[in-house]
Amino acid sequence: MDLPVDEWKSYILQKWSLLPKSIQVTISTAKTLNDLFLHSSPLLQPEDEMFLKRLSGGYLVGKDPDASLFYREKGNKKFREKDYMGATVLYSKAVSHSGPSSTDMSLCYANRSAALFHLGQYETCLKDIVRAQTHGYPERLQPKLLLRKAECLVTLGRPQEASQTISDLESNFAAKATLSASQFQILQRTLCRVKVKVQEKENLPEIFPEALTKTFEGVDLREENEQIPSASSSVSLHIDPLKGRYLVATKDILPGELLVKEDAFVSVLNPGEMPPRRHGLESKWDIQVTNGDLHCHRCLRRTLAPVPCDGCSYAKYCSQACMQQAWDRYHSVECSLGALLLTLGVFCHVALRSTLLARFEDVDKVIKKLCGEMSNQGICLPESRDPAQILKYDLRGEGEKKDKAVETPIPGCDINGKYERNYNAVFHLLPHTENHSPEHKFLCAVSVSALCRQLEAASLQAFTTDLQPTKLKAAETPVLCAELNVWGVAMLRHMLQLQCNAQAITTIQQTGSKENLITDTQQVRLATALFPVVSLLNHSCSPNTSMSFFGTIATIRASQLIRRGQEIFHCYGPHESRMGVAERRQKLRSQYFFDCNCPPCERERQKPSAGPGREAFRCHRCRALLQGDDVLSCGGPACTESLGRGLLVSRLQDLQRQVGAAQKRLRNGRLELAIQLLLGCQSDAESFLSADHSMVGEIEDTLAQAYAALGDWEKSATHLQESLRVVEVHHGPSSVEMGHELFKLAQVFFNGCAIPEALNTIQKAEKVLLVHYGPWNDEIRELQKMKSCLLDLLSIPGGPKE
Ligand SMILES: [Zn+2]
Ligand SMILES: [Zn+2]
Ligand SMILES: [Zn+2]
Ligand SMILES: [Zn+2]
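Owing to the predicted nature of the structure, the values given are computational and were not obtained by experimental measurement.

**Student:** Hey, could you run me through the overall build of the chain in this one?
**Tutor:** Helix and strand content of the chain: 31 helices and 15 strands. The buried share among the 802 residues of the chain stands at 52%. For the chain, contacts bridging at least 24 residues in sequence account for 67% of all contacts bridging at least 6. In the structure as shown, the chain presents an accessible area of about 37,800 Å², 53% of it carried by carbon and sulfur atoms.

**Student:** Help me understand the coordination of the zinc ion (ligand 3), please; the structure alone is not making it clear to me.
**Tutor:** Geometry reference: four tetrahedral donors at a metal, ideal angle 109.5 degrees. Six octahedral donors, ideal angles 90 or 180 degrees. In the first shell of the zinc ion (ligand 3), the protein supplies Cys 541 (SG), Cys 596 (SG), Cys 598 (SG) and Cys 601 (SG), at 2.2 to 2.3 Å from the metal. Every donor counted, the 4 donor atoms about the zinc ion (ligand 3) form angles of 104 to 116° at the centre, which fits tetrahedral coordination. Sequence positions of the residues that donate to the zinc ion (ligand 3) give the spacing C-x54-C-x1-C-x2-C. Placement of the pair is Cys 541 in the loop between strand E9 (538-539) and strand E10 (545-550) and Cys 598 in the loop between helix H23 (581-592) and helix H24 (599-606), with a sequence separation of 57 residues.

**Student:** Which parts of the structure should I look at to understand the packing of aromatic side chains?
**Tutor:** For any pair of aromatic rings, the description consists of the separation of the ring centres together with the inter-plane angle of the planes. A full pass over the atoms with the stated rule returns 13 aromatic pairs. Judged by centre distance (5.3 Å) and plane angle (70°), the ring pair of Phe 70 and Tyr 71 falls under edge-to-face. Ring centres of Phe 617 and Phe 688 lie 6.2 Å apart, and the angle between their planes is 15°; on these two criteria the pair is classed as stacked. Note that Phe 617 is positioned in the loop between H24 and strand E13 (626-627) and Phe 688 in helix H26 (residues 671-688), a separation of 71 residues in sequence.

**Student:** Would you mind going over the nonpolar core with me for this structure?
**Tutor:** Counting 101 residues, the largest nonpolar core has Trp 8, Tyr 317, Leu 352, Leu 451 and Met 491 as the members making the most contacts within it. Ranked by the residues each element gives to this core, the list is headed by helix H20 (residues 438-464), at 10 residues. When neighbours within four sequence positions are excluded, Met 491 is seen to be in contact with Ala 351, Leu 352, Thr 355, Val 448, Leu 451, Cys 452 and Leu 455. Counting 32 residues, the second-largest nonpolar core is a separate cluster that includes Ile 228, Ala 231, Ile 505 and Ile 562.

**Student:** Explain the pairing of strand E2 (residues 244-249) here, please?
**Tutor:** A regular strand places its side chains on the two faces of the sheet in alternate fashion. Among the 6 residues that make up E2, 5 are buried, leaving the element largely enclosed by the rest of the structure. Of the pairings in the sheet, the one linking strand E1 (residues 235-240) to E2 comprises 6 bridges and is antiparallel in character. Counted as the bridge partner of Ser 236 is Val 248 from E2.

**Student:** What exactly am I supposed to notice about the sheet that holds E13 here?
**Tutor:** Backbone hydrogen bonds hold the strands of a sheet together, and the pairing may be parallel or antiparallel. With antiparallel pairing, 3 strands are arranged side by side in an open sheet as E13-E14-E15. Each of the sheet's edge strands pairs with one partner strand only, and the pair in question is E13 and strand E15 (642-644). On the sheet, helix H25 (residues 645-667) packs against E13, strand E14 (631-634) and E15 and is oriented at approximately 70° with respect to E15.

**Student:** Which parts of the structure should I look at to understand the pattern of salt bridges?
**Tutor:** Where charged atoms of side chains with opposite charge meet at close range, the side chains can pair. Applying the stated rule across the entire model yields 28 salt bridges. A salt bridge links Arg 525 to Asp 2, with the nearest nitrogen and oxygen atoms 3.1 Å apart. Here Arg 525, found in strand E8 (residues 520-530), pairs with Asp 2, found in the segment before helix H1 (6-18); they are 523 residues apart in sequence, far enough to count as distant. Since its relative accessible area comes to 35%, Arg 525 is described here as partly exposed. Between Arg 589 and Asp 595 there is a salt bridge whose closest N-O contact spans 3.1 Å. Accessibility expressed as a relative area gives 43% for Asp 595, which makes it partly exposed. Among the charged side chains, a salt-bridge network with shared partners connects Lys 93, Asp 293 and Lys 316.

**Student:** Looking at this model, I keep getting lost on unusual backbone geometry. Mind explaining?
**Tutor:** Among all residues except glycine, the phi angle is most often negative; among peptide bonds, the trans geometry is most common. Positive phi, close to 60°, is recorded for Phe 593, a residue that is not glycine. Along the chain, the position of Phe 593 falls in the loop between H23 and H24. At Arg 623, a position not held by glycine, the phi torsion is positive, near 70°. Here Arg 623 lies in the loop between H24 and E13.

**Student:** What am I meant to see in the coordination of the zinc ion (ligand 1) here?
**Tutor:** Protein coordination of the zinc ion (ligand 1) is provided by Cys 296 (SG), Cys 299 (SG), Cys 318 (SG) and Cys 322 (SG), with donor distances spanning 2.3 Å. What the 4 donor atoms of the zinc ion (ligand 1) show is an angle range of 105 to 113° at the metal, which sorts the shape as tetrahedral. When the donor residues of the zinc ion (ligand 1) are listed from N- to C-terminus, their spacing reads C-x2-C-x18-C-x3-C. A residue pair is termed long-range when its members are at least 10 positions apart, and Cys 299 in the loop between helix H12 (291-294) and strand E5 (307-308) and Cys 318 in the loop between strand E6 (316-317) and helix H13 (320-334) qualify at 19 residues. With a relative accessible area of 9%, Cys 299 lands in the buried category. The class for Cys 318 is partly exposed, based on a relative accessible area of 24%.

**Student:** Just checking my understanding: could you explain the sheet that holds strand E3 (residues 258-263) for this structure?
**Tutor:** Pairing within the open sheet is antiparallel, and its 3 strands lie in the order E3-E11-E10. Of all the strands in the sheet, just E3 and E10 have a single pairing partner and so form its edges. Each neighbouring strand pair of the sheet contributes to a mean axis angle of 15°, computed without reference to strand direction. Bridge count for E10 against strand E11 (residues 553-558) is 6 bridges, and the pairing is antiparallel. Paired with Thr 545 across the two strands is Ala 558, which belongs to E11. Strand contacts of helix H30 (residues 755-773): E10 and E11, with the helix running at about 120° to E11, the strand carrying the most contacts.

**Student:** I tried to follow the side chain of His 539 on my own but got confused; where do I start?
**Tutor:** Of note, His 539 is situated in strand E9. By relative accessible area, which is 6% here, His 539 ends up buried. Within the local environment of His 539, its side chain forms a polar contact with the backbone nitrogen of Cys 541, the two atoms lying 3.4 Å apart. A polar side-chain atom of His 539 sits 2.9 Å from the main-chain amide nitrogen of Tyr 572. With residues near it in sequence (within four places) discarded, His 539 still touches Phe 569, His 570, Cys 571, Tyr 572, Pro 574, Leu 588, Phe 594 and Cys 596.

**Student:** Quick question: what am I supposed to make of the environment of Val 631 here?
**Tutor:** Inspection of the secondary structure assignment puts Val 631 in strand E14. Note: C-alpha distance between Val 631 and Arg 645 (14 residues apart in sequence) is 5.7 Å.

**Student:** Please clarify how the packing of H23 against H24 should be interpreted in this entry.
**Tutor:** When two helices pack together, their arrangement is given by the angle between their axes and by how far apart the axes lie. With their axes 10 Å apart at the nearest point, H23 and H24 run at an angle of 125° to one another. With respect to H24, the axis of H23 lies oblique. When the axes of H23 and H24 are compared, the crossing they make is left-handed. Taking contact as the criterion, the partners of Val 581, Arg 584 and Arg 585 in H23 are, on H24, Pro 600, Cys 601, Glu 604 and Arg 605. For the contact of H23 with H24, the class distribution of residues is 3 nonpolar, no polar and 4 charged.

**Student:** For this particular structure, what's the right way to read the side chain of Gln 503?
**Tutor:** Within the secondary structure, Gln 503 sits in strand E7 (residues 503-511). Judged by its relative accessible area of 15%, Gln 503 is buried. Apart from residues no more than four positions distant in its own chain, Gln 503 is found in contact with Ala 527, Thr 528, Ala 529, Phe 531, Val 534, Met 547, Phe 549 and His 570.

**Student:** Explanation requested: the state of the cysteines in the structure shown.
**Tutor:** Taken as a whole, this structure holds 0 disulfides when the rule is applied. Cysteine Cys 125 is unpaired, with the sulfur of Cys 152 as its nearest cysteine sulfur at 3.4 Å.

**Student:** Please explain the packing of helix H5 (residues 65-80) against helix H6 (residues 84-97) as it appears in this structure.
**Tutor:** Running from N to C, H5 and H6 point in directions that differ by 165°, and their axes come no closer than 8 Å. It follows from the interaxial angle that H5 and H6 lie roughly antiparallel. As H5 packs across H6, the resulting crossing turns out to be left-handed. Counted together, Pro 65, Ala 67, Ser 68, Tyr 71, Arg 72, Lys 74, Gly 75, Asn 76, Lys 78 and Phe 79 of H5 and Tyr 84, Gly 86, Ala 87, Leu 90, Tyr 91, Lys 93, Ala 94 and His 97 of H6 form the full contact between these two elements. Class assignment for the residues of the contact of H5 with H6 results in 9 nonpolar, 5 polar and 4 charged.

About the cut-offs
- Residues numbered from 1 in each chain as written.
- Chains lettered and ligands numbered in written order.
- Predicted model: local features only at pLDDT ≥ 70, side-chain atom pairs only at ≥ 80, totals over all residues.
- Heavy atoms only, no water.
- Helix = DSSP H or I, 4+ residues; strand = E, 2+ residues; numbered from the N terminus.
- Buried < 20%, exposed > 50% of the residue type's maximum accessible area, 1.4 Å probe, protein only.
- Contact = heavy atoms within 4.5 Å.
- Areas by Shrake-Rupley, 256 points an atom, 1.4 Å probe, with all protein chains shown as cover.
- Donors = N, O, S within 2.8 Å, 3.2 Å for Na, K, Ca; no water.
- Tetrahedral: all angles 85-135°; square planar, octahedral: opposite > 155°, others 65-115°.
- Phe/Tyr/Trp six-rings, centres within 6.5 Å; stacked < 30°, edge-to-face > 60°.
- Core = buried A, V, L, I, M, F, W, Y, C linked by side-chain atoms within 4.5 Å.
- Pairing = 2+ DSSP bridges.
- Axes fitted to C-alpha atoms, helices over the stretch in contact; angles between N-to-C directions.
- Salt bridge = Lys/Arg side-chain N within 4 Å of Asp/Glu carboxyl O.
- Polar contact = N/O pair within 3.5 Å; in protein donor to acceptor, adjacent residues only side chain to side chain.
- Parallel < 35°, antiparallel > 145°, perpendicular 65-115°, else oblique.
- Left-handed = near helix turned anticlockwise from the far one by under 90°.
- Nonpolar A, V, L, I, M, F, W, Y, C, P; charged D, E, K, R; others polar.
- Disulfide = S-S within 2.5 Å.

Pasting the structure below:
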């Protein structure tokens, strides 16, 4: 997803292998990114571009009225089946394929408003009603829409507006007798119903819908850092030849303290699994729900009612305002390139968008800073104010960059030592050019060249034809001004930087079927982004912070007490509790080009095989733990059993498959069968796995879900507590994993009306989750709702007592 699609990758690698040795050497030994780009770019031949074009052709990114019709009909089907959520998403897909201001579009919005109404999303429903009307909703259908509007207004406690809507409706009827007698009767009845509701409500004070989310903007750093905006004053920036840049605590920091709150410099929504359309397959259009269907293309916030870009079907936004901002800043250029960007991968897209965003910065400042650096190295800077020109003079290799320390002590900072979250900071993130393989660099360079040629073609077209809307032309002109090669080199730099500096923006998504009363959650990747401040943190396999996201904003909180003078760490992915030391080291080496020296890595390196560990096997005879590498022998006092590791591993894989099969049954609602299978797995696991094995935890957790789905809360709680025990062994009592598991247990107790247990667990879950996420987290709000509900129950006279 990050890198180009496999077909293009293998095509280019093949091309590389066929290049004359001399050219391979020239490219492999290129001293600067500039040289790398200039030597690779001309090798992209027209037939290569044709091949790429064919690959891109598989993605449906334009508008297709037939697709709109197809999705609307699918949506109607879901609507009839009362799957309103499913219908909403399909109507959104339909909207994105219908032409602006077409009847088609107005019908899609109107249908979506109906689905939203059933989902209880009244505010959003009202917005879609307005959208349907502005896009020319047919006159004869208006009454239906107005009635829905009146009902929404009534439910939202806005009786005056509802009355107004009804009188509009009545005058509309009087003016036009467009309804059949029976339709008229139905409408009359509905009208009466609404009127009664209005009268009932009119006596009540106007109630405004409770704000759904506590405004995130209100949650702030206690004191902002003067040197690093977006960071708290509890940290300071340092540099070291070995570690590079890093952050250190300037005072003792308590668990839960907010250390960084940073909006991404650039972020690109991950398209998710979006397979290109293959010819000859029965279904032309995909009805799978992806990130792009549920999240705003710009701000990443979840939305049930996106509005599509006028020019393409893949960019959808939470609001008109977001759409306009995206258009002005980057989408005017990206709009026609959707298929190519999907083919070339998210990194290429982030690279393009970063350079597009750079156009809007205070160019003066960047020039002054780079000017200072250039003069140190005897390079004359031209008078040009074009940011692309500045880039040209800063595209140096890593070797040259080190000299800079003389002028500005820390790269990315301005002359006053202030680290700003701008393009300058992004530009200074390390591309590690010397560490990437020649093939990889060639792939990136050629992919960027292909993108450059498309950009050239697109901007030429925009320049020469007068058919484009004026806003498009205005936005694209700067593209033409920039020198394309310079632009290409900058994008290449970003593409190489991203391997080490890209930050995945994740979100917690609820999983499991609708029938499941306890929600299970899963972390999913939403976008790829660059955060200049977050990038200052070094990695540890056992970090002292926790990271979470709200839209495009990242927050980092202390997850434990951090003493003054200690370094602030965050985990790049390979976490101690999820990966063994060998696997971690391999991953960090290949992706991030360093050997980890964090305390757990050091510890495990010094005494490599410290006993059987948590994921141990045990003896089927005496139940003692087995020890050893290839051949495991029993540690029991009077037992001589020994077994080959291969045998045990294949037994574990077998068990894994069985658990998978049971989970599938559970998802399909075959609960009894799932439980039966799981109980079998449980006793199988007991016979050869340690009690703390993560597989044991997974089986318990799945059993808990199955019993919850049956409504057997007591059994569910028992199994969940077992799972909780395993999670604690693996991740620690105050880990975020523990928080999620406690949240589930709280739901089970709550549903089972075990009030004291529920209150107790809610408190524990809240405490753990607060440290990691802060107060605006969905689960925490849910816990608070449960708590106040339980406390209400307790306060009812004659109600249950604690
Ligand atoms: Zn948005
Ligand atoms: Zn577009
Ligand atoms: Zn480590
Ligand atoms: Zn034994």
